[in-house]
Each structure stands twice: as C-alpha cells, then as structure tokens.
Amino acid sequence: MQTIGSLQFWLTYHCVVSVFRVEGGAPLTGAVAVPGAKNSVLKLMAATLLAPGTSELMNVPDIEDVAIMSELLRRLGCEVNHVGSTITITVPHRPDHRADYDLVRRMRASICVLGPLLARCGAADVAVPGGDNIGSRGLDMHVDALRKMGAHVKNEHGYLLAESEGLAGAQVFLDFPSVGATETILMAAVTATGESIIENAAREPEIIDICMMLVGMGADISGIGSSTLIITGVNSLKPVSHRVVSDRIVAGTWAIAAVMTQGDLTISGVPPQYLALPLEKLQTAGALVESGGDTIRVRMNERAQCVDIVTLPYPGFPTDLQPQFIALNAIGQGAALVTENLFEARFRFVQELARLGADVRTDGHHALIRGREALSGAPVEATDIRAGAGLVLAGLVAQGSTTVYGVSHIDRGYAEFVETLQGLGAKIERVEA
Ligand code: UD1
C-alpha cells in the first residue's frame, strides 16, 4: 500500500507537464479565423450514432475533447477517421451501448451519448459524470424526460442504466433551458413514436446546429431556434454530411483579448449576432466594434471601463465568457458587478486571478471587481477551460512573466491556442515543467 502511495506521489511530483509562459505587454493585432464549436461538435459526433453508415463532419476543431469523443465512439464499435478538419464516423448496425467511467470522467459531455444510444439500441449504460471544476451539474432533467418517454432509468454503481422497448413522444417542460437536456431529448425523440414537444428548450446556436444536422439526417423538427421544439418521430435516420457551426466562445475570447491588450483584431468565421451581447458589453467598455458578414473587427486604444454582466442562457450573456470578462474588469477603470447564474463554482478562478493582483470579492452568485491599473505576473493554475483562458488573457496584460499551470484544460477546448496567440503578436510559449 505504501509502495503504491509513494509511486503516486512520485508520479504526481515528477511527471513532465506543459505550462504556458506568458510575458505581458504586447497588443494583439491581425486576423484570426474561428474553428468549429467544441460545444457543438461533441453532440454532433454523438448524433451520428442515430444512423448506421458513414457520416461526415467538417470544420471540426483539433482539440482534446474531440479526441476523447472519438475514443468513446470507437469503443461503441464505430470507425472514426480524422483528415484535416474533417472526420468521418462509420456507425455499425448494432453499436455497443456502454460509456465507461474512464472516458466520462475526462469529459463530462460524454453524457450526450445517452439519448442516441437509448434510441438506437434500446439501452444505454453511461457512467455518471459527477461534479466537475465548475460545480456539480445535475442530470435530473435528462432523466425525467427520458422516463416521460417511456424509458426505465436507474442510477446504480455509478452508472445511469437506461432501457426502453421503444420510446414514445412526450411533452416535456424544462425547469431551465438546459443545453444538455435539450440535446438528450432531441436525440431520443427524433425516432420515437409520435410527437414530442420540448417547452422552455435551450436556444443556443449549438442547439440550432444539432437540429439542422438531425433534419439533414431525415428528422422532422419544427420551431428550430425558438424555445418550443416540436419533434415528430420518424422510423429511421440516414447518415449525413454536416459543417459544424463556428465557436462563438473562442471568437468572444479573442475579442476580449483585443480589448484587454489594446489591440486590433479581425475575427472571421463567426456570425456576429451569436455574440451580440458580449460585443455590446465590449463597446460599453470603450471598444470600437465593427461587424459585417461573418467578420468582427475589435479595436481598443485606451484602458477599458469596467462593465457589469449577468450570465444567462442564450441570448443572454454566456457563462463561458464570464471568466474572461472578469479578467477584463480586473484591469478596467472603475468597478463592476458580475452575476453568475449557471455554474456556482466558476468563481473559484478568482483566487488564481488574485495571485496576479486582481481585486475581486465574491459572495454567492456575485463577484465585485475593482479595476487595477496593472496586474503583476505570477504562477497560476487553470481550474477549467474558460478559467484557463481568462488567466492567460490576464497574463497577456500583467507586468512581467505569468506561468499558467493546468493547461490541459485549455487544450480541451481551444485548438492551437498558443500558436494562434503567437500569430497575433502575443509573447506566449508552451514549455515543459
Ligand atoms: C453546456 C456547455 C457549457 C455551457 C453550458 C451553458 C457543453 C459541452 N457544455 O453545458 O460549456 O457553459 O451549456 O451554456 O456544451 N442542470 C440541472 N439539471 C439538468 C441539467 C442541467 O440542474 O438535468 C443545471 C446545471 O447544473 C447548470 C444549468 O442547469 O446549473 C445549465 O446546465 P446546461 O445548460 O445543461 O449546461 P451543459 O449542457 O452541462
């Protein structure tokens, strides 16, 4: 026992890990193209399970979560091939129906195979993801909806065990417009018998994306983009070729970086309306924002004003841009109140930001940030993807050198993060520590 303990200690403290070393002070300038959305592609990959045969997804980001989802699909019996930013997924006639804990614990979004496996196989055994670094996230709405559609679902030995002898359409009122629950119900309902109605459905661009892909596979969905989705079940679906919607959170991260570093960035490949509220907030902070087609130009030539934000489901302010906005406020003029309504533990990251000298107080759902004229570089630890991005942005404007640990979180969601920033003039490198 002691030997195993010693070995674990040795591995923890002697394994080589990547860190990002950031030197503050360089303004970001130039052009950047936005890849496909992490929060869409994972669900689209799961949705391919609904049809035997080969589906193709284009504009796929090169991120760690896509690699994990590919591994999960392979274990379910699929063949997954990556060529550049396109992946092909060949789904067998009888996929396996078990998603093991070793993968689910690495990526909570693995739960998105629950709906399609139940629909295709009549059974799904999916490890319960548990809490993660941004708070415990429930699955009650997923489970309640599947039960309403006739499935038997139990939680045993750390797994959700779902079974059904044929799902039936149902009317589901969501307590909250949950992205994940809306997706689970959609994927379960497309081949259920009869009509399903999701009231208070999520309306994120990623939900529109999965609806469009399912329609391309032969599904019958109306109300797409609204909070009432009506799904009429069809007998079967066919494989599809689909382009993943671009990542509005990545685009928003670069826009905030332009403002913080007092730079000038042209961000292409994302419809500006997907970022309407964050861009308006950046204008309130003093930025010049121009948009047209699928391009956004963000310029800043003075210190930002602090801006209040309140996170809410789309089209409200996205929680996935909240840490980056706290970083912006940390070096702004004045003070701002940030209200987090989705993930209670997201404020954990402010303790790390405080190591750079930020003045942030949190109380429950609120963070009060008093802007500082300057931050000072320090070693910090990323606790989740967006917190990691927020810390790097803070490092880009801090005086001196900032070392960001825990960058595997950032790699999960941002493709070529360091290379992209280097191309825009940032002084950042990945080093082995
Ligand atoms: C997705 C995104 C995440 C984003 C979030 C909100 C992915 C992989 N992740 O997460 O980046 O921050 O949407 O835009 O797409 N809830 C319950 N019970 C449920 C389901 C949800 O209580 O059955 C609660 C959660 O605890 C949370 C809130 O609802 O407080 C929002 O969750 P949800 O919209 O489902 O987010 P995710 O799909 O997990």
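K.L.:
I tried to follow the overall build of the chain on my own but got confused; where do I start?
P.N.:
A tally of helices and strands in the chain yields 15 helices and 24 strands. With the principal axes as the frame, the chain shows a C-alpha extent of 65 × 60 × 45 Å. Taking the contacts inside the chain whose residues are at least 6 apart along the sequence as the reference set, 73% of them involve residues at least 24 apart. In the structure as shown, the chain presents an accessible area of about 17400 Å², 48% of it carried by carbon and sulfur atoms. A distance of 2 Å separates the average location of the 33 positive side-chain charges in the chain from that of its 46 negative side-chain charges.

K.L.:
Is there a simple way to think about the state of the cysteines in this case?
P.N.:
Disulfide: a covalent bond formed between the sulfur atoms of two cysteine residues. In the structure shown here, the tally under the stated rule is zero disulfides. Here Cys-112 is not cross-linked by a disulfide; its sulfur's nearest cysteine counterpart is in Cys-78, at 12 Å. Residue classification places Cys-112 among the buried residues on the basis of a relative accessible area of 5%. Among the cysteines around Cys-121, which has no disulfide bond, Cys-78 carries the closest sulfur, lying 9.5 Å off. Taking relative accessible area as the criterion, Cys-121 reaches 29% and is therefore assigned partly exposed.

K.L.:
Explanation requested: the site of the ligand in the structure shown.
P.N.:
Around the ligand, the structure places 21 residues, and the nearest of them are Lys-43, Asp-140, Ser-178, Asp-320 and Leu-342. The separation between an oxygen atom of the ligand and a polar main-chain atom of Gly-138 is 3.4 Å. Contact between the ligand and Asp-320: an oxygen atom at 2.6 Å from a side-chain N or O atom of the residue. Burial of the ligand by the surrounding chains reaches 85%, relative to a free accessible area of 740 Å². If you list the elements that add at least two residues to the shell around the ligand, you get α2 (38–47), α6 (140–148) and α7 (179–189). Here the shell around the ligand is composed, by residue class, of seven nonpolar, seven polar and seven charged. A domain split of the shell around the ligand shows at least three residues from each of domain 1 (14–34 + 246–432) and domain 2 (38–243).

K.L.:
I keep staring at the domain arrangement of the chain and nothing clicks. Help me out?
P.N.:
Frequently, the measure chosen for interface size is the accessible area that the parts lose on association. Taken as a whole, the chain is organised into domain 1 (14–34 + 246–432) and domain 2 (38–243). Between the C-alpha centres of domain 1 and domain 2 there is a distance of 30 Å. Taken together, the contacts link 24 residues of domain 1 with 20 residues of domain 2. Here domain 1 and domain 2 share an interface that buries about 1900 Å² over both sides, 52% of which is from carbon and sulfur atoms. The three residues of domain 1 that bury the most area against domain 2 are Tyr-314, Phe-343 and Arg-412, which together make up 30% of that side's buried surface. At the surface where domain 1 touches domain 2, the tally comes to two salt bridges. In this structure, Arg-248 and Glu-206 form a salt bridge, with 2.9 Å as the shortest nitrogen-oxygen distance. Where domain 1 packs against domain 2, one counts six residue pairs in polar contact (both at pLDDT 80 or more). For the side of domain 1 that touches domain 2, the secondary-structure elements that each account for two or more residues are α13 (385–397) and α14 (408–413). Here the side of domain 1 that touches domain 2 takes four residues from α14, the largest share from any one element. Per-class residue counts for the side of domain 1 that touches domain 2 are 10 nonpolar, four polar and 10 charged.

K.L.:
Before we go on, may I ask you to explain helix α11 (residues 322–330) in this structure?
P.N.:
The periodicity of an α-helix, 3.6 residues per turn, causes residues three or four places apart in sequence to face the same way. In terms of burial, α11 is largely enclosed, as nine of its nine residues are buried. Considered for burial, the residues of α11 that qualify are Gln-322, Pro-323, Gln-324, Phe-325, Ile-326, Ala-327, Leu-328, Asn-329 and Ala-330.

K.L.:
Please explain the sheet that holds strand β5 (residues 86–91) as it appears in this structure.
P.N.:
Two modes of strand pairing occur in sheets, parallel and antiparallel, and in both the strands are linked by backbone hydrogen bonds. As summarised here, the arrangement of the four strands in space is β4-β5-β3-β14, forming an open sheet in which the pairing is mixed. Unpaired on one side and paired on the other, β4 (79–83) and β14 (241–243) mark the two borders of the sheet. With strand direction ignored, the average angle separating the axes of adjacent strands in the sheet is 15°. In this structure, strand β3 (residues 53–58) lies alongside β5, joined through five bridges in antiparallel fashion. Residue pairing across strands places Ser-55 opposite Ile-89, the latter belonging to β5. The strands touched by helix α3 (residues 64–75) within the sheet are β4 and β5, with β4 carrying the most contacts at an inclination of about 150°.

About the thresholds
Each chain carries its own residue numbering, running from 1 in the direction its sequence is written. The predicted origin of the model limits local features to residues at a pLDDT of at least 70 and limits the giving and counting of side-chain atom pairs to 80 or more, whereas totals for whole chains, interfaces and linings rest on all residues. Side-chain calculation: all heavy atoms of the structure are included, whereas hydrogens and water are not. Under the DSSP-based scheme used, a helix requires at least four consecutive residues in state H or I and a strand at least two consecutive residues in state E, with every element numbered from the N terminus. Throughout, a residue-residue contact means that at least one pair of heavy atoms, one from each residue, lies within 4.5 Å. Calculation of accessible area relied on Shrake-Rupley with a 1.4 Å probe; when residues are assessed, cover is drawn exclusively from the protein chains displayed. When charges are counted, Lys and Arg are positive and Asp and Glu negative, with His and the chain ends excluded. Just so you know, the charge point we use is NZ for Lys, CZ for Arg, CG for Asp and CD for Glu. In plain terms, two cysteine sulfur atoms within 2.5 Å form what is called a disulfide here. Summary of the burial criterion: residues with accessible area below 20% of their type's maximum are buried, those above 50% are exposed, and those between are partly exposed, where the area comes from a 1.4 Å probe applied to protein chains only. Definition of nearness: a residue and a molecule or strand are near each other if at least one heavy atom of the residue lies within 4 Å of the molecule or strand. Pairs of N or O atoms are called polar contacts if they sit within 3.5 Å, as long as, within protein, a hydrogen donor faces a hydrogen acceptor (for residues adjacent in sequence, only side-chain-to-side-chain pairs). Amino acids outside the nonpolar list (Ala, Val, Leu, Ile, Met, Phe, Trp, Tyr, Cys, Pro) and the charged list (Asp, Glu, Lys, Arg) are all regarded as polar, and Gly is one of them. For every domain, the bounds stem from an assignment made automatically or drawn from a database. Simply put, the buried area is the total loss of 1.4 Å probe accessible area from both parts when two parts are fitted together. When a carboxyl oxygen of Asp or Glu lies within 4 Å of a side-chain nitrogen of Lys or Arg, that pair is called a salt bridge. A pair of strands is labelled paired if DSSP reports no fewer than 2 bridges between them. Where helices are involved, their axes are fitted lines through C-alpha atoms of the stretch in contact, as for all axes, and angles between N-to-C directions lie from 0 to 180°.

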